[in-house]
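Residues per chain are reported as follows:
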Amino acid sequence: MPRPLPGVGKVLAVASGKGGVGKTTVTVNLALALAQSGARVGLFDADVYGPNIPLMLGVHRQQGTQAYVPIARADPKPYIEPVFRYGLRMMSFGLLVGEKDTVLSDPPLIGRMVSQTLRDVIWGALDYLMIDFPPGSGEPQHTLLQTVQIDGALLVTTPQDLSLLDAGRSLGMFHGASVPILGVVENMSYLACPHCGERVEVFHHSERSWAIQDQALEVLGHVPMDLAISRGIDAGHPLLQAQPTGPQVDAFRQIAGRIRAKLP
Ligand SMILES: Nc1ncnc2c1ncn2[C@@H]1O[C@H](COP(=O)(O)OP(=O)(O)OP(=O)(O)O)[C@@H](O)[C@H]1O
Ligand SMILES: [Mg+2]
């Protein structure tokens, strides 16, 4: 039975049908946009095999936490201090298991480990907790949905992959757990020319809207393909932290505003 996280207002899952669509980039920038609008925001990186959030926020740990024992603890009190960065509270497996350590590959165990770790973090009072789900519908996604009360899911897609949402199991996974889908963020939607700022349509449009209409999914916004976004995130200075204004910044702020309206 999914249980709420004490002190946390709304829990938001960010997911995608497949990997590499920019889900983590979008998650980090949206978390910053929400925080900059005055909300208290936490960020949990549930990607055990490719935990990228620390890198994108410019924090890293060389060695694993010595006393990290996620399962079978007698005392259920949260004990893991989150990292405070750019106004966010963040925890990731990248900080618990060290960059050079390997992670077990037993799926049920991974599911329990991630879900337990989420509860073991001292989140404090939060308005929003965003969880970066790994792509697909395996573990730890399944166990997280079964054990944590999630208020809404955000799907990140690229224009070419939009049709995959139909076939992708992410949608079914959230429907099955009765988690409302807040909408879709179309990432790398168009190219923002680095020289003149002009909007270049890189992808064909007609099939895109069909996929959304079929599923009655709302598009919460379009994020351009932009050098400032990738350069910033890869250097640990996400756009929303590094740059106060601009059309790309506005795109994220607008989406964050829509999320706030949907999950007040
Ligand atoms: N809007 C964008 N404009 C330019 N580059 C982008 C944009 N979004 C993401 N990228 C780049 O694309 C790459 C993949 O992004 P990211 O790691 O966020 O994807 P992901 O969906 O989380 O991947 P994974 O499935 O591995 O977790 C990164 O190098 C990132 O800098
Ligand atoms: Mg990612």
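Before reading further, recall that the structure is shown in the block above.
Please read all numbers here as calculations on a predicted model, not as lab measurements.

(A) Region of the structure containing unusual backbone geometry. Look at the link from glutamate 139 to proline 140: it is a cis peptide, with omega at 10°. Despite not being glycine, serine 178 shows a phi value in the positive range, around 55°. Within the element layout of this structure, serine 178 appears in the loop between helix 7 (169-176) and strand 7 (181-192). Here the phi dihedral of methionine 188 falls at roughly 50°; this positive angle occurs in a residue that is not glycine. Considering the arrangement of structural elements, one finds methionine 188 in strand 7.

(B) Representation of the nonpolar core. Core analysis: the biggest nonpolar cluster contains 68 residues, and Ala31, Leu129, Ile131 and Ala153 have the highest contact counts within it. Among the elements that take part in this core, helix 1 (residues 23-36) stands out by supplying eight residues, more than any other. Setting aside residues no more than four positions away along its own chain, alanine 153 makes contact with Ala13, Ala15, Phe174, Val179, Ile181 and Leu182.

(C) Structural detail: the site of ligand 1. Near ligand 1 you find 21 residues, and of these Gly19, Gly22, Thr24, Thr25 and Ser230 are the closest. Secondary-structure elements contributing two or more residues to the shell around ligand 1 are helix 1, strand 7, strand 9 (219-225) and helix 9 (227-234). With four residues, helix 9 is the largest single contributor of residues to the shell around ligand 1. Classifying every residue of the shell around ligand 1 gives seven nonpolar, 10 polar and four charged.

Calculation criteria
- Residues numbered from 1 in each chain as written.
- Chains lettered and ligands numbered in written order.
- Predicted model: local features only at pLDDT ≥ 70, side-chain atom pairs only at ≥ 80, totals over all residues.
- Helix = DSSP H or I, 4+ residues; strand = E, 2+ residues; numbered from the N terminus.
- Core = buried A, V, L, I, M, F, W, Y, C linked by C-beta atoms within 7 Å.
- Buried ≥ 20, exposed ≤ 12 C-beta atoms within 10 Å, placed from the backbone.
- Contact = placed C-beta atoms within 7 Å.
- Near = placed C-beta within 6 Å.
- Nonpolar A, V, L, I, M, F, W, Y, C, P; charged D, E, K, R; others polar.

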